[in-house]
Amino acid sequence: MLHGVVVITGKPNVGKSTFINNLLNKKIVITSPKPQTTRDAIGVLYRDEKRIVEFIDTPGYHIPHNKLDIHLNTQIINSYKRAEASLLFIDLTRPIDNEDEDVIKNLQKIKIKNIIVVFTKYDLSSDNKVETYKQKLATYGNFGEYIVISNKTKFQYDLLLSTLDKYLTNVNGETLPTASPLTDNFTISEIVREQVIFNTKQELPYSTAVIIDSNIYDKASNVLTIHASIIVEKESQKPIIIGAKGSMIKKIGTIARKELLKIFNCAIVLKLFVKVEKDWRNNSHLLKSFGYKDN
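Residues numbered from 1 in each chain as written. Predicted model: local features only at pLDDT ≥ 70, side-chain atom pairs only at ≥ 80, totals over all residues. Heavy atoms only, no water.

**Q** Residue-level account of the sheet that holds strand β9 (residues 223–232), with values.
**A** Spatial ordering of the open sheet is given by β8-β9-β10, a layout of 3 strands whose pairing is mixed. Of all strands in the sheet, those with a lone pairing partner are β8 (209–218) and β10 (267–276), marking the two edges. Adjacent strand axes in the sheet meet at a mean angle of 15° when their direction is disregarded. Two elements, β8 and β9, share 9 bridges in a ladder whose sense is antiparallel. Looking at the pairing, Tyr217 lines up with Leu224 of β9. Strands β8, β9 and β10 of the sheet are contacted by helix α6 (residues 184–199), whose axis makes an angle of about 130° with β8. The strands that helix α8 (residues 247–261) touches are β9 and β10; relative to β10, the one it contacts most, it runs at about 140°. (Pairing = 2+ DSSP bridges. Helix = DSSP H or I, 4+ residues; strand = E, 2+ residues; numbered from the N terminus. Axes fitted to C-alpha atoms, helices over the stretch in contact; angles between N-to-C directions. Contact = heavy atoms within 4.5 Å.)

Structure below.
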């Protein structure tokens, strides 16, 4: 049996989350134009009975401003320590810049092994662009392999997966995951949080969390009833989430429910609430209770 952990990294909005969602044929990772929105994400791909690949999508490594940031940075380092390989995503439609350089420096600092450069959005670029970017990246260090993909068409996904096979470990007799470690609660909370991010502005998305209070499935009626709380840090943020006469929280809930219907094969009742937990991003007890635990 072959098994491996693969870390996916790169600057914000280069296609990492879309790649994982496409690969696993379900939405498990937030896709947002706002940077540093990924917090915890892992997906398990069962290619066949002989290959299991765990993918970890890391949040952007950044200067910490609170305990949540410290947790996220620690998560990145711990993920790299577990990994047999790392996929470094580079967007062919954007110039290689300081953000890319910072990601590469972090990879080198942590001494991650087996870095594969993945050029995304090949459908919007050209072979000449690929060669130019290879030359640019060579100035930062040596990378084992380069692969171009398109998330829109899934171009060369198979090549990327077959390339990863050589880095998988033979684990005869060891206990391997028998199901995705993603719980329903994680998936639900991320989808709700995604809509908070899309529909609110400025710093509010970064100071919110979504906690699933209850998740009850009635087999007889085939109805999943979910009660979830959107956590904010300040009383002044609560009316922003609720909106005039409840318009914002209704919008968030309506769109999130539509997304959930694409995943769960049942009717869904989604009830959202807003709670204030002052300065929760600096409260170790709350961070732990919200599921932000160091690996």
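There's plenty left to go through after this.
**Q** How would you sum up the environment of Leu159? Please name residues and give values.
**A** Position of Leu159 relative to the elements: it lies in helix α5 (residues 157–165). For Leu159, a relative accessible area of 40% puts it in the partly exposed group. In this structure, the C-alpha to C-alpha distance between Leu159 and Ile149, residues 10 residues apart in sequence, is 9.1 Å. (Buried < 20%, exposed > 50% of the residue type's maximum accessible area, 1.4 Å probe, protein only.)

**Q** Break down the packing of aromatic side chains for me, citing the residues and quoting the values.
**A** Summed over all chains, the structure comprises 6 aromatic pairs. Considering the side-chain rings of Phe19 and Tyr157, the 5.1 Å spacing of their centres and the 65° angle between planes classify their relative orientation as edge-to-face. With Phe19 in helix α1 (residues 16–24) and Tyr157 in helix α5, this residue pair connects regions lying 138 residues apart in the sequence. This pair shows no difference in class: Phe19 is buried, exactly as Tyr157 is. Members of the aromatic cluster, each reached through a chain of ring pairs, are Phe119, Tyr133, Phe143 and Tyr146. (Phe/Tyr/Trp six-rings, centres within 6.5 Å; stacked < 30°, edge-to-face > 60°.)

**Q** Break down the pattern of salt bridges for me, citing the residues and quoting the values.
**A** Two side chains bearing opposite charge may form a pair once their charged atoms approach each other closely. A full pass over the atoms with the stated rule returns 10 salt bridges. Across the salt bridge formed by Asp97 and Lys11, the nearest N and O atoms sit 3.2 Å from each other. Placement of the pair is Asp97 in the loop between β4 (85–91) and α3 (98–110) and Lys11 in the loop between β1 (2–9) and α1, with a sequence separation of 86 residues. With relative accessibility at 27%, the residue Asp97 sits in the partly exposed group. The buried category is assigned to Lys11, whose relative accessible area is 3%. Ionic contacts of the salt-bridge type, sharing partners, join the residues Lys11, Asp97 and Asp100 into one network. (Salt bridge = Lys/Arg side-chain N within 4 Å of Asp/Glu carboxyl O.)

Any functional reading would require information beyond the geometric quantities listed.
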